[in-house]
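Descriptive structure summary
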Amino acid sequence: RLEKFRDPLRKIQESGRFVLSLSGLLIVTIVAFTIPLLLSLTPVHRLPASALEIAVGIVIGPSGFGWVKIDVPIQLLSLIGLAFLLFYAGLEINLHRLKGRLLIRVGLSFLLSFGLALLVGYLLLVEGQVRSPLYIAILLAATALGMIVPFLQDAGEIETDFGQLVIASATMAQFGSLILLSLFFSNETTKPGIKLVFLGGFLLLVIAFASVLLSLEKSKRFAAAFLKLQDTTAQIRVRGAFMLLIAFVTLAEILGIEVLLTAFVAGVLVRVIDPEAMRTHPLFHHKLAAIGFGVFVPVFLVTTGLQLDLTALFANPSTLLHVPLFFGALLLVRGLPALVYKPLVSSRQAIATGLLQATSLSFLVAGSQIGMQLGLITRANGAALIAAGLLGALIFPPCTITLLCSTEKPDADSAKAHETV
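1. A few points about the pattern of salt bridges
Taken as a whole, this structure holds one salt bridge when the rule is applied. Here Asp231 makes a salt bridge to Lys287, at a shortest N to O gap of 2.6 Å. A residue pair is termed long-range when its members are at least 10 positions apart, and Asp231 in the loop between helix H9 (220-229) and helix H10 (236-255) and Lys287 in helix H13 (residues 283-306) qualify at 56 residues.

Quick look at the structure:
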């Protein structure tokens, strides 16, 4: 007799767990909707919504009130949100500008950053705070490209020379650090040499993808079909972009390559094969931004806050002193080398670039988790690193806006004076 009720009871239990999962996701979406709305209605609208979404994620997560725990639906949407951030960053970078003096300056800035980061890492090793100076150097030298692109987008700077400089410098730092982290401190047991082979194989696959997509783009038949379907319910270009993104993320899982790297490459690939998108179909980027930043990215940002372990941070009062220590290290390592950009932009814009380069929260979250799993860093220091990154994400973007506004004001006053004369 009990057999008759076993299957229905199991279905009821599974249904209950599913509803519980959706309730957590519901809270996350409520936070994502409320934060930007409240910011627009208050005087503190200059604060970045992304940093506040992470902060509220801490409050509602296991370290706060415990209202939300990371489950499969939240984890999946968060992964897609992170991948989309890097995809969109790749989509917005203009490779034609990344050459000559700009490329040299960006490369020099990253080398200086990494050198300073290694110095800080060895000083922390002497003090007994870390076990691997190289690991800490990689974390400190990185930049959260995915957090900078939305900021530049909202500030209207993404297509300016300043915006492209910031994206180029963040790209170099993000993926230079990411490749080093993948090669030397990955969860996989694969040796660095074999991982280089996998990266080479991935590059060959990207070239093959590009060749196929370019041939389709040049085909008049396919071009006419894309033009016909791009603004209908088919939304063929948007579907194709997300198909390519998911394909590259899946490829990353198969080859053991970091998802961040493949997602960025997918965005760059779309930009390369469709360089005239803003002229021939300008709504394409807006549609992608609406889907990504309206659905997936907020889930990733709130989930980042859910992952912060405040218990480990406050377990020992001395650990709290590491927060300003790591905060100062981030500002030194990423802010000081931005002075090499002074020949390309104004002094204020160079300082603003340095502040944005020091914004590296999402990378610190991912990197700290890897370090704690490998025993390279304690949970307390991992939490202190993330807290320092969160503090920077709350402080650096508003300071950047202030610098940019003070840079534009003299230009406006100068133009007005010239007009009067």
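Once you've had a look at it, read on.
2. Quick look at the nonpolar core
Leu86, Leu140, Leu145, Leu152 and Leu288 are the most contacted members of the largest nonpolar core, which totals 108 residues. At twelve residues, the largest contribution of residues to this core is made by helix H19 (residues 379-420). Contact partners of Leu145, with chain neighbours within four places excluded, come to Leu86, Ala89, Ile167, Ala170, Thr171, Gln174, Phe175 and Phe264. Among the nonpolar cores identified, the runner-up in size contains eleven residues, and Leu25, Val28, Ile35 and Ile74 belong to it.

3. Topic: unusual backbone geometry
Most peptide bonds are trans, and most residues other than glycine sit at a negative phi. Backbone geometry at Gln235 places phi at a positive 45 degrees, although glycine is not the residue there. Along the chain, Gln235 falls in the loop between H9 and H10.

4. Here's the deal with the packing of aromatic side chains
Inspection of the entire model under this criterion finds nine aromatic pairs. Ring plane angle 50 degrees and centroid distance 6.2 Å describe the contact between Phe242 and Phe296, whose orientation is recorded as tilted. In this pair, Phe242 sits in helix H10 while Phe296 sits in helix H13, placing the two residues 54 residues apart along the sequence. Phe296 sits in the buried class, given a relative accessible area of 15%. Put simply, the rings of Phe84, Phe87, Tyr88, Phe242, Phe293 and Phe296 touch in pairs and so form one group of aromatic residues.

Criteria and thresholds
- Residues numbered from 1 in each chain as written.
- Predicted model: local features only at pLDDT ≥ 70, side-chain atom pairs only at ≥ 80, totals over all residues.
- Heavy atoms only, no water.
- Salt bridge = Lys/Arg side-chain N within 4 Å of Asp/Glu carboxyl O.
- Helix = DSSP H or I, 4+ residues; strand = E, 2+ residues; numbered from the N terminus.
- Core = buried A, V, L, I, M, F, W, Y, C linked by side-chain atoms within 4.5 Å.
- Buried < 20%, exposed > 50% of the residue type's maximum accessible area, 1.4 Å probe, protein only.
- Contact = heavy atoms within 4.5 Å.
- Phe/Tyr/Trp six-rings, centres within 6.5 Å; stacked < 30°, edge-to-face > 60°.

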